[in-house]
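Each chain, letter by letter, is given below.
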Protein chains: 2
Amino acid sequence: MAGEFEFIARYAPKGAKRSDVILGSGDDAALVQVPAGKSLVSTVDTLVSGRHFPVQTSAYDIGWKALAVNLSDIAAMGAEAAWVTVALTMPSETADKDGWMSAFCNGIDDLAKQCGVAVIGGDLTSGPLSVTIQAMGFVEASKALRRDTAQVGDVIAVSGNLGDAALALHLLQSAVDVPAELLERLDKPLPRLALGQSLAGMAHAALDISDGLVGDLEHMLKASGTGARINVAAIPRSAAFQAHCPATLFDSLPLTGGDDYELCVTLPKNALVEGLTVIGEIEAEAGCRLLDAGGQAVKLDSSSFDHFKSAAHDCR
Amino acid sequence: MAGEFEFIARYAPKGAKRSDVILGSGDDAALVQVPAGKSLVSTVDTLVSGRHFPVQTSAYDIGWKALAVNLSDIAAMGAEAAWVTVALTMPSETADKDGWMSAFCNGIDDLAKQCGVAVIGGDLTSGPLSVTIQAMGFVEASKALRRDTAQVGDVIAVSGNLGDAALALHLLQSAVDVPAELLERLDKPLPRLALGQSLAGMAHAALDISDGLVGDLEHMLKASGTGARINVAAIPRSAAFQAHCPATLFDSLPLTGGDDYELCVTLPKNALVEGLTVIGEIEAEAGCRLLDAGGQAVKLDSSSFDHFKSAAHDCR
């Protein structure tokens, strides 16, 4: 088996070529240039096998998803994604498996190139499988999308459809065949980078929906000192979701399932943007009121996807 | 047990206060300002329990060391360390243990404050214990210390003493009492940030010695297209090292033991700096020649600390 250095030189994904990378992988640290007038945006997320992705997830999809969830945070700031570092911990026996490593790196490389992101550093250690990616980008500080700036009277809107990934996971765990379009949403989410950038300086507040709409929205409401009313029937659900979702989960998966990586934003009423669906309104009264089409409260059992509180979303 | 968000709010270390942090932890990503005229330096390293630190290492020391090894990479670039993110994966049962988390965070917080570094983000996941830290800083790009720019005729110098940490680990594994000053060097290394900054724009090349002098130096020589001659007797060893090191390991631990986190730099002959000890010279002929006081070749069994090649340094 190759040593670590050989290994990194052989497989390391490079992502997109960027002229602002002065020194990439291979030194003690990378050196990059943030454009004048922009501030650095930085985020980190770890994905643990069996926890953040099912153990049977392909190496390619693990690489893709680990990058996607981090780029989604950059999108939620309204920033341009630019550079990432990848820290992979894996069992030696997996590293030996033909193709695992190159498939993993291809998953990262393909999404990185698609998003114009350069991979500027990495670390490889032996241990139980997990991936930690740090994503960096930049935005004019005054235009950055924050979560603590929602205003009473704003409409609340989301990108794409919610609940697909959570439904795919539910079907997987029920040993039911999962339609490809749902599985794709679980394994290969697409960060909403272009949309995020188009909202910078315009949306009042934003975050990405990784832990479930209700839980994530509650963070925004708390940070902004506001409340909200959500029209549950207005939440966009894909055709595949509508066709395959059990009635008992029709509301709870989009509301609390998580793993959507769509953006949830608040906007002035007259500032609507293509690609967004209005699902509610920011109100002065604290708390999040979930209402059905008739204006009656929708009750839910659990709130947000919390790795240390709930095992409901555990992939094992 | 507290949920993840409560948990983070309660324990998250903040490190130093910095006026260039526009938005710290708590949003999708942090927002910071790189000074005009400086480039961003970024590095990442993962520490896995039983692999990069002995399983009996205290929570405080794990936090300290995970930060120190990353700041050491920033030091080796000649940069000012500014911001870090911390991704912690830990078993739920450890998180429950009274005091573990707060001790871990104190270890990070104390070193971060000492180094003027702000903690701007974090992630907490449940799984086998490992810590991934991303460290960021800045430097004038033309003054950054690289490893591919050593010049024939340069002297090679190192900071501090080498071999202490490797000796401490050897004694631990031999179930021998470890002198406190050696254990401190294993568990609580000090990144050479001030020294690195003082060398920026002056040293021709630099790297930090994490994997062992010979292995790390070979990366520099290869990248620079040069070779080197090392006077093994000139390598600085601490009094504690000299008093406690078995004769058979007297050369090999400083040369290949790793975990030193000292700087190895090359300089013009007339540009010596306080705190450095000259141990050799850059030569045109490829390869690294290790010579004893009499000019005879010193033979070694192993080369560098490579997580995927050798189990010799495994802490389990």
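Before reading on, note that the structure itself is shown above.
Just so it is clear, the structure is predicted and the values come from calculations on it, not from any experiment.

Reading the values: the criteria
- Residues numbered from 1 in each chain as written.
- Chains lettered and ligands numbered in written order.
- Predicted model: local features only at pLDDT ≥ 70, side-chain atom pairs only at ≥ 80, totals over all residues.
- Heavy atoms only, no water.
- Helix = DSSP H or I, 4+ residues; strand = E, 2+ residues; numbered from the N terminus.
- Contact = heavy atoms within 4.5 Å.
- Areas by Shrake-Rupley, 256 points an atom, 1.4 Å probe, with all protein chains shown as cover.
- Lys, Arg positive; Asp, Glu negative; His and termini not counted.
- Charge placed at Lys NZ, Arg CZ, Asp CG, Glu CD.
- Salt bridge = Lys/Arg side-chain N within 4 Å of Asp/Glu carboxyl O.
- Buried < 20%, exposed > 50% of the residue type's maximum accessible area, 1.4 Å probe, protein only.
- Buried area = accessible area lost by both parts, 1.4 Å probe.
- Polar contact = N/O pair within 3.5 Å; in protein donor to acceptor, adjacent residues only side chain to side chain.
- Nonpolar A, V, L, I, M, F, W, Y, C, P; charged D, E, K, R; others polar.
- Pairing = 2+ DSSP bridges.
- Phe/Tyr/Trp six-rings, centres within 6.5 Å; stacked < 30°, edge-to-face > 60°.
- Lys NZ or Arg CZ within 6 Å of the ring centre and 35° of its normal.
- Least-squares fit on C-alpha atoms with pLDDT ≥ 70 in both.
- Axes fitted to C-alpha atoms, helices over the stretch in contact; angles between N-to-C directions.
- Core = buried A, V, L, I, M, F, W, Y, C linked by side-chain atoms within 4.5 Å.
- Parallel < 35°, antiparallel > 145°, perpendicular 65-115°, else oblique.

Now for the overall build of chain A. When you go through chain A residue by residue, the secondary structure sums to 10 helices and 12 strands. By principal-axis analysis of the C-alpha atoms, chain A measures approximately 65 × 50 × 30 Å. Expressed as a percentage of contacts within chain A between residues at least 6 apart in sequence, the contacts between residues at least 24 apart total 85%. Accessible area of chain A: about 11700 Å², with a carbon and sulfur share of 50%. Once the 23 positive and 39 negative side-chain charges of chain A are each reduced to a mean point, those two points are 3 Å apart.

This next bit is on the pattern of salt bridges. Going through the model one piece at a time under the given rule, you end up with 34 salt bridges over all chains. The salt bridge partner of Arg18 of chain B is Glu80 of chain B, with a shortest N-O separation of 3.4 Å. Here the residue Arg18 of chain B occupies a position in the loop between α1 (4-11) and β1 (21-23), and Glu80 of chain B occupies one in strand β4 (residues 80-90), the gap between them amounting to 62 residues. By relative accessible area, which is 30% here, Glu80 of chain B ends up partly exposed. Two residues, Arg289 of chain B and Glu283 of chain B, come together in a salt bridge whose shortest N-O distance is 3.0 Å. Salt bridges linked by common partners bring Arg229, Lys269, Glu281, Glu283, Glu285 and Arg289 of chain A together as one network.

This part is about the interface of chain A and chain B. The partner chain B presents 64 residues to the 63 residues of chain A that form the contact. Taken together, both faces of the contact between chain A and chain B bury some 5100 Å²; the carbon and sulfur share is 59%. For the pair chain A and chain B, the interface holds 4 salt bridges. A salt bridge links Asp27 of chain B to Arg147 of chain A, with the shortest nitrogen-to-oxygen separation between them at 3.5 Å. Here chain A is connected to chain B by 21 residue pairs in polar contact (both at pLDDT 80 or more). Here the side of chain A that touches chain B gets 9 residues from one element, more than from any other, and that element is strand β3 (residues 39-48) of chain A. Its residues placed into classes, the side of chain A that touches chain B shows 31 nonpolar, 18 polar and 14 charged. Here 3 bridges tie β3 of chain A to strand β2 (residues 30-32) of chain B, and the two strands are oriented antiparallel to one another.

It is worth spelling out the environment of Thr89 of chain B at this point. Checked against the element boundaries, Thr89 of chain B lands in strand β4. Looking at Thr89 of chain B, the relative accessible area reads 3%, which means it is buried. For Thr89 of chain B and Ala29 of chain B, which are 60 residues apart along the polypeptide, the C-alpha to C-alpha distance reads 19 Å. Apart from the residues within four sequence positions on either side, Thr89 of chain B is in contact with Thr46 and Val48 of chain A together with Thr125, Ser126, Gly127, Pro128, Leu129 and Ser130 of chain B. At 2.8 Å, the side chain of Thr89 of chain B forms a polar contact with the side chain of Thr125 of chain B.

Attention shifts here to the environment of Gln151 of chain B. Following the sequence through the fold, Gln151 of chain B ends up in the loop between β6 (130-139) and β7 (155-159). Measuring from C-alpha to C-alpha, the distance between Gln151 of chain B and Asp260 of chain B comes to 24 Å, with 109 residues separating the pair along the chain.

With that settled, consider the packing of aromatic side chains. All names here are of chain A. In this structure the tally under the stated criterion is 8 aromatic pairs over all chains. Centre to centre, the rings of Phe241 and Phe250 are 5.6 Å apart; their planes meet at 50°, and the pair counts as tilted. In this structure Phe250 comes out as partly exposed when scored by relative accessible area, which is 29%. Directly above the ring of Trp64 sits Lys188, whose terminal nitrogen or CZ lies 4.5 Å from the centroid.

It is worth spelling out the relation of the copies chain A and chain B at this point. The two copies are related by a screw operation: chain A maps onto chain B through 180° of rotation and 0.0 Å of translation along the axis, at an RMSD of 0.0 Å. Taken together, these values place the two copies in the relation of a two-fold axis. Both copies present the same face, since 100% of the interface residues in chain A are matched by interface residues at the equivalent positions in chain B.

Within the open sheet, the 6 strands sit side by side as β1(A)-β2(A)-β3(B)-β6(B)-β4(B)-β5(B). Their pairing is mixed. Each edge of the open sheet carries a strand with a single partner, namely β1 (21-23) of chain A together with β5 (118-126) of chain B. Across this sheet, the average inter-strand angle for adjacent strands is 20°, counted without regard to direction. In this structure, strand β3 (residues 39-48) of chain B lies alongside β6 of chain B, joined through 10 bridges in antiparallel fashion. Within the sheet, the bridge partner assigned to Leu47 of chain B lies in β6 of chain B and is Val131 of chain B. Helix α2 (residues 59-75) of chain B contacts β3, β4 and β6 of chain B of the sheet and is inclined by roughly 145° relative to β3 of chain B. Those strands touched by helix α4 (residues 100-115) of chain B are β4, β5 and β6 of chain B, and its axis lies near 170° from that of β4 of chain B.

On to the nonpolar core. With 55 residues, the main nonpolar core has Leu71, Leu88, Phe104, Leu199 and Val265 of chain A as its most contacted residues. Sorting elements by how many residues they give to this core places helix α2 (residues 59-75) of chain A first, with 10 residues. Formed by 54 residues, the second largest nonpolar core is a distinct cluster that contains Val84, Met90, Ile108 and Leu199 of chain B.

Turning next to the packing of helix α5 (residues 164-173) of chain A against helix α6 (residues 180-187) of chain A. All names here are of chain A. Between α5 and α6, whose axes approach to 7 Å, the crossing angle comes to 110°. In this view, α5 runs roughly perpendicular relative to α6, as classed from their interaxial angle. For the pair α5 and α6, the contacting residues are Asp164, Ala165, Leu167, Ala168, Leu169, Leu171 and Leu172 in the first and Leu182, Leu183, Arg185 and Leu186 in the second. Of the residues in the contact of α5 with α6, the class split is 9 nonpolar, no polar and 2 charged.

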